[in-house]
Amino acid sequence: NEYADISLKDIDQVAKSSFPLCMRHLFEKLREDHHLKHGGRMQLGLFLKGVGLKLDDALAFWRAEFTKKVGSERFDKEYAYSIRHNYGKEGKRTDYTPYACQKIISSAPGVGDHHGCPYRHFSEDNLRAALGRMGLSSRGMEDVMDKVRNKHYQLACTLTFEAVYGTSCDAGINHPNQYFEESQKILKS
Ligand code: SF4
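Residues numbered from 1 in each chain as written. Predicted model: local features only at pLDDT ≥ 70, side-chain atom pairs only at ≥ 80, totals over all residues. Heavy atoms only, no water.

**Some remarks on helix α1 (residues 11–18)**
- Restricting attention to buried positions, one finds in α1 the residues I11, V14, A15 and S18. Around the axis of α1, the buried residues are gathered within 105 degrees of arc, so they sit on the same side. Residues of α1 that are exposed and point more than 90 degrees away from the buried face comprise Q13 and K16.
- Buried residues along α1 sit against α2 (21–33), α3 (38–50), α4 (55–66), α10 (153–165) and α11 (176–188). (Buried < 20%, exposed > 50% of the residue type's maximum accessible area, 1.4 Å probe, protein only. Helix = DSSP H or I, 4+ residues; strand = E, 2+ residues; numbered from the N terminus. Arc of directions from axis to C-beta. Contact = heavy atoms within 4.5 Å.)

**Here we look at the site of the ligand**
- Taken together, P20, C22, C101, I104, C117, P118, Y119, C157, I173 and P176 make up the full set of residues near the ligand.
- One can see that the ligand is located within the second largest cavity.
- Mapped onto the shell around the ligand, the elements with two or more residues apiece are α6 (101–105) and α7 (118–121).
- Each residue belonging to the shell around the ligand can be placed in one class, and the counts come to 10 nonpolar, no polar and no charged. (Near = heavy atom within 4 Å. 1 Å grid on protein atoms, 1.4 Å probe; cavity = no way out; pocket = protein on both sides within 12 Å on 5 of 7 lines; lining within 4 Å. Sits in = over half its atoms within 2 Å of the grid points. Nonpolar A, V, L, I, M, F, W, Y, C, P; charged D, E, K, R; others polar.)

**A short note on unusual backbone geometry**
- The phi dihedral of H34 is positive, around 55 degrees, even though this residue is not glycine.
- With respect to the secondary-structure elements, H34 resides in the loop between α2 and α3.
- By relative accessible area, which is 22% here, H34 ends up partly exposed.
- The phi dihedral of K151 falls on the positive side, at around 65 degrees, and the residue is not glycine.
- Note that K151 resides in the loop between α9 (138–149) and α10.
- Overall, K151 belongs to the exposed group, its relative accessible area being 60%.

**Some details on the side chain of R24**
- Turning to its location among the elements, R24 is positioned in helix α2.
- Here R24 is buried and forms no salt bridge, its nearest opposite-charge partner E28 lying at an N-O distance of 4.2 Å.
- Ignoring any residue separated from it by four or fewer positions in sequence, one finds R24 in contact with A15, K16, F19, R133 and M134. (Lys, Arg positive; Asp, Glu negative; His and termini not counted. Salt bridge = Lys/Arg side-chain N within 4 Å of Asp/Glu carboxyl O.)

**Describing α3**
- With 13 residues, α3 should cover 18 Å at 1.5 Å per step; its first-to-last C-alpha distance of 18 Å lies within 8% of that length.
- Within α3, burial applies to G39, G40, R41, M42, Q43, L44, G45, L46, F47, L48 and K49.
- Of the surrounding secondary structure, the elements contacted by the buried residues of α3 are α1, α2, α4, α5 (72–86), α6 and α11.
- Phi turns positive, to about 105 degrees, at G52, one or two residues after α3. (Expected span 1.5 Å × (residues − 1).)

**Here we look at the domain arrangement of the protein**
- As far as domains go, the protein holds domain 1 (8–86) and domain 2 (101–188).
- The C-alpha centroid of domain 2 is placed 21 Å from the C-alpha centroid of domain 1.
- Domain 1 puts 21 residues into the contact, and the matching count from domain 2 is 23 residues.
- Summed over both partners, the interface of domain 1 with domain 2 comes to about 1,800 Å²; 64% of that surface belongs to carbon and sulfur atoms.
- Summed over the shared surface of domain 1 and domain 2, the result is seven residue pairs in polar contact (both at pLDDT 80 or more).
- With eight residues, the single largest contributor to the side of domain 1 that touches domain 2 is α2.
- Grouping the constituent residues of the side of domain 1 that touches domain 2 by class yields 10 nonpolar, seven polar and four charged. (Domains from an automatic or database assignment. Buried area = accessible area lost by both parts, 1.4 Å probe. Polar contact = N/O pair within 3.5 Å; in protein donor to acceptor, adjacent residues only side chain to side chain.)

If you want it as structure tokens, here you go:
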């Protein structure tokens, strides 16, 4: 769609300005560790496909990070296939769709995993720190934490969106790609 076509050279800037917290976290961890486990690769990979990252760019993006750790032969052997698979180019050629919030919130990340929804899966301290880095005021943060305590994770994300962009989001957040698109609409208007 018209807002969603990101290229590799913009990806860091766009991640900072428009990704919801779940995807910012995966993105930052990938840049930091040069690796993500399967659940993270699926959650972030399909999201990036949804925001319009083309297959060739996606391969270049993952390759650049993973080969800092595993070497390009192993990348081609073990990881490139599943990226092409996500784009429907391998296996049953299903075109996989990005995960909605509900699916992400109900996932069960284990030790060393970075997928999931931070509002649901982060410790309170980590969540507060992450919200601080997104620029929330202490008042805004308390409103978000209140929703989290009541297990209203998507509402917590919606309040974060409203605080970050200074505008209301009446529809509420129910999909990371929707968060991205609404954000791009605001930033590009
Ligand atoms: Fe991501 Fe949805 Fe959680 Fe927001 S509510 S952080 S978009 S999974």
